[in-house]
Amino acid sequence: MAFLLIILLSSIFFFVLYKNAKESELREFIKNAVLLVSSGKSGLPKNIESNYEIIEDPDFIYEVYTNGKVELERDFLTIKIFLIKYNDHHYVLVNQFGLTYLVKKKGEFSLHRLVIIGWVMFNLIILGIYIAVVKSFYPLKVLREKIKALKSGNLDVRIDIEKNDEIGFIAKEFNEAITALKKNEEVRRWFLRNIAHELKTPITKGKIAIELLEDEKGKQHFEKIFNRLEFLVNQLMTVEKIASKDIKLKMECIDIKKVIDNAISLLLSNEKPNVNININEELKVKVDINIFSIAIKNLIDNGLKFSEDGKMDIVVKDRKVYFTNRGEKPPFEKELLFEPFIKETSLKNQTGLGLGLYITKFILDLHNVKIDYFYEDGKNTFILDLSQVVC
């Protein structure tokens, strides 16, 4: 926009300069033509004699006068002057004491043409500067695209810019930061997978050992504990895959009621959760039930955890699912709800890590399901828009 404005303003300036130059040349032409006719070539400066000529052909004079365009006409006591344009040339017709003279400039006016050349050259210079500036900013555009790719989770990005300036320095630092992130990611994944693997062995041995117990009640109790531990390990592995984005979805067309029931079965609770489900329409959705259920489970778990009365409502209508509980509004902005490690520091959430809603948002994004939140009349409500996954 700045360069366009410069070109526009310069064009206006050169146009005014062009008009003034042309009018000045025409005035000079008329003055010299009258001087040439009046003096009869005696005592004239050499530049007038060499640059102007008097045309004496009456037929040509008549043709110019009758067919040309009169741009200026002046009438004095003893002399009449016409400025005429004919075949892209200017002529001065002078009528003095009944005699008619036609004066032509041997070379067409040059000053206004220099203005045009100046305008063209100026615009070419501005265009060259514009191209140079755009070219110099191109590495920043590349950097922005790489940062966007990094934000989406792609750690295999590098910036191939070899320049000894600030942009080159930033590109080098960016590449080094990516290398460090990849190393940290590899360590994190190795750590989680090894923990899960190491936990599976004692769990398996424990499940075998409880078969030797004679106390049936104690046996059932320990069986429940080890099954829960096994479930937690499997959940840990699933969450790790989701967080590392190393997961392939197995999409199926499933009734939304089945998805919700499956999500409730994932809750870590010894008692039946106090969830009121109201389904106002038959709705089937195309999702990965194992992964999508985790997102639903997190929303239910979050609603029950922060509910004042320990209850929550799930309503399915208009291709949307509403998760509502009565409680206080979160102490941070709506935009931060789905950020990692953002959590309420109340007694209800001492054990939470602040990853539940973050993982939920990631799973929903994988399924192209939008989530929204609002607080009204003392109630928190999360809304899932299932219109894109209805089958």
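Below or above, wherever it landed, is the structure these notes cover. One numbering rule holds for all chains: residues counted from 1, following each sequence as written. A pLDDT threshold of at least 70 governs which residues receive local features in this predicted model, and a stricter bar of 80 or more applies before side-chain atom pairs are shown or counted, although totals over entire chains, interfaces and linings include all residues. Side-chain metrics rest on all non-hydrogen atoms present in the structure, leaving aside hydrogens and water.

On to the overall build of the protein. Numbering of helices and strands runs from the N terminus; a helix is a DSSP stretch of H or I covering at least four residues, while a strand is a stretch of E covering at least two. The helix and strand inventory of the protein stands at nine helices and 12 strands. Throughout, exposure labels follow a simple rule: accessible area from a 1.4 Å probe, protein chains only, divided by the maximum for the residue type, with under 20% read as buried, over 50% as exposed, and the rest as partly exposed. Taken over 391 residues, the protein has a buried fraction of 31%. Areas reported here follow the Shrake-Rupley algorithm with a probe of radius 1.4 Å; residue values treat only the protein chains shown as occluding. Summed over all atoms, the accessible surface of the protein reaches about 25,500 Å², with 56% contributed by carbon and sulfur.

We now examine the sheet that holds strand β5 (residues 99–105). At least two bridges found by DSSP between two strands are what make those strands a pair. Strands sit in the order β1-β5-β4-β3-β2 across an open sheet of five strands; the sheet is antiparallel. Each edge of the open sheet carries a strand with a single partner, namely β1 (52–55) and β2 (69–75). Neighbour-to-neighbour, the strand axes of the sheet open up by a mean angle of 25°, direction not taken into account. Across four bridges, β1 lies against β5 in antiparallel orientation. Across the sheet, the residue bridging to Ile54 is Val103, located in β5. Contact between two residues is taken to exist if any of their heavy atoms lie within 4.5 Å; hydrogens are not considered. Each axis is a line fitted through C-alpha atoms, taken for helices only over the stretch in contact, and angles between the N-to-C directions span 0 to 180 degrees. Along the sheet, helix α1 (residues 2–39) contacts β1, β2, β3 (79–86), β4 (89–96) and β5; its crossing angle with β4, the most-contacted strand, is approximately 40°.

Our next topic: the packing of helix α8 (residues 289–305) against helix α9 (residues 356–366). Between α8 and α9, the least distance of the axes is 9 Å, while the angle of their chain directions is 145°. Where α8 crosses over α9, the two elements pack in a sense that is left-handed. Side by side, α8 and α9 meet where Ile291, Phe292, Ile294, Ala295, Asn298, Leu299 and Asn302 of the first sit next to Gly356, Leu357, Ile359, Thr360, Ile363 and Leu364 of the second. Partitioned by chemical class, the residues of the contact of α8 with α9 number nine nonpolar, four polar and no charged. Should the near helix be turned anticlockwise from the far one by less than a right angle, the crossing is left-handed, and should it be turned clockwise, the crossing is right-handed. For this classification, the nonpolar set comprises Ala, Val, Leu, Ile, Met, Phe, Trp, Tyr, Cys and Pro, the charged set comprises Asp, Glu, Lys and Arg, and every other residue, Gly included, is treated as polar.

The next subject is the environment of Leu266. For Leu266, the position within the fold is in the loop between α7 (256–265) and β7 (275–279). Sequence separation of Leu266 and Ser293 is 27 residues, and the distance between their C-alpha atoms is 8.1 Å.

This part is about the pairing of β3. Where burial is concerned, most of β3 is hidden: six out of the eight residues are buried. Where β2 and β3 come together, six bridges link them in antiparallel fashion. Looking at β3, one finds that Leu72 is bridged to Leu83. Between the antiparallel neighbours β2 and β3 lie three residues. Linking two consecutive strands that pair antiparallel, namely β3 and β4, is a turn of two residues; a positive phi of about 50° is found at Asn87 within it.

On to α8, then. An ideal rise of 1.5 Å per residue puts 24 Å on 17 residues; α8 measures up with 23 Å between its terminal C-alpha atoms. The buried fraction of α8 is high, at 13 of 17 residues. In protein, a polar contact means a hydrogen-donor-capable atom and an acceptor-capable atom, both N or O and within 3.5 Å, with residues adjacent in sequence counting only if both atoms are side-chain atoms; elsewhere, any N or O pair within 3.5 Å suffices. Capping of α8 at its N-terminal end is provided by Asp288; its side-chain oxygen lies 3.1 Å from the backbone amide nitrogen of Asn290. Residue count minus one, scaled by 1.5 Å, sets the expected span of a helix.

Here α7 crosses α8 at 65°, and the two axes come no closer than 8 Å. Accordingly, the angle class assigned to the pair α7 and α8 is roughly perpendicular. As for how α7 packs across α8, the hand of that crossing is right-handed. Counted together, Lys258, Val259, Ile260, Asn262, Ala263 and Ile264 of α7 and Ile289, Phe292, Ser293, Ile296, Lys297 and Ile300 of α8 form the full contact between these two elements. Along the lines of polarity and charge, the residues of the contact of α7 with α8 split into eight nonpolar, two polar and two charged. Geometric relationships in this document are graded by angle, where less than 35 degrees denotes roughly parallel, more than 145 denotes roughly antiparallel, 65 to 115 denotes roughly perpendicular, and other angles denote oblique.

Within the secondary structure layout, Asn298 lies in helix α8. Excluding residues within four positions of it along the chain, Asn298 makes contact with Gly356, Ile359 and Thr360.

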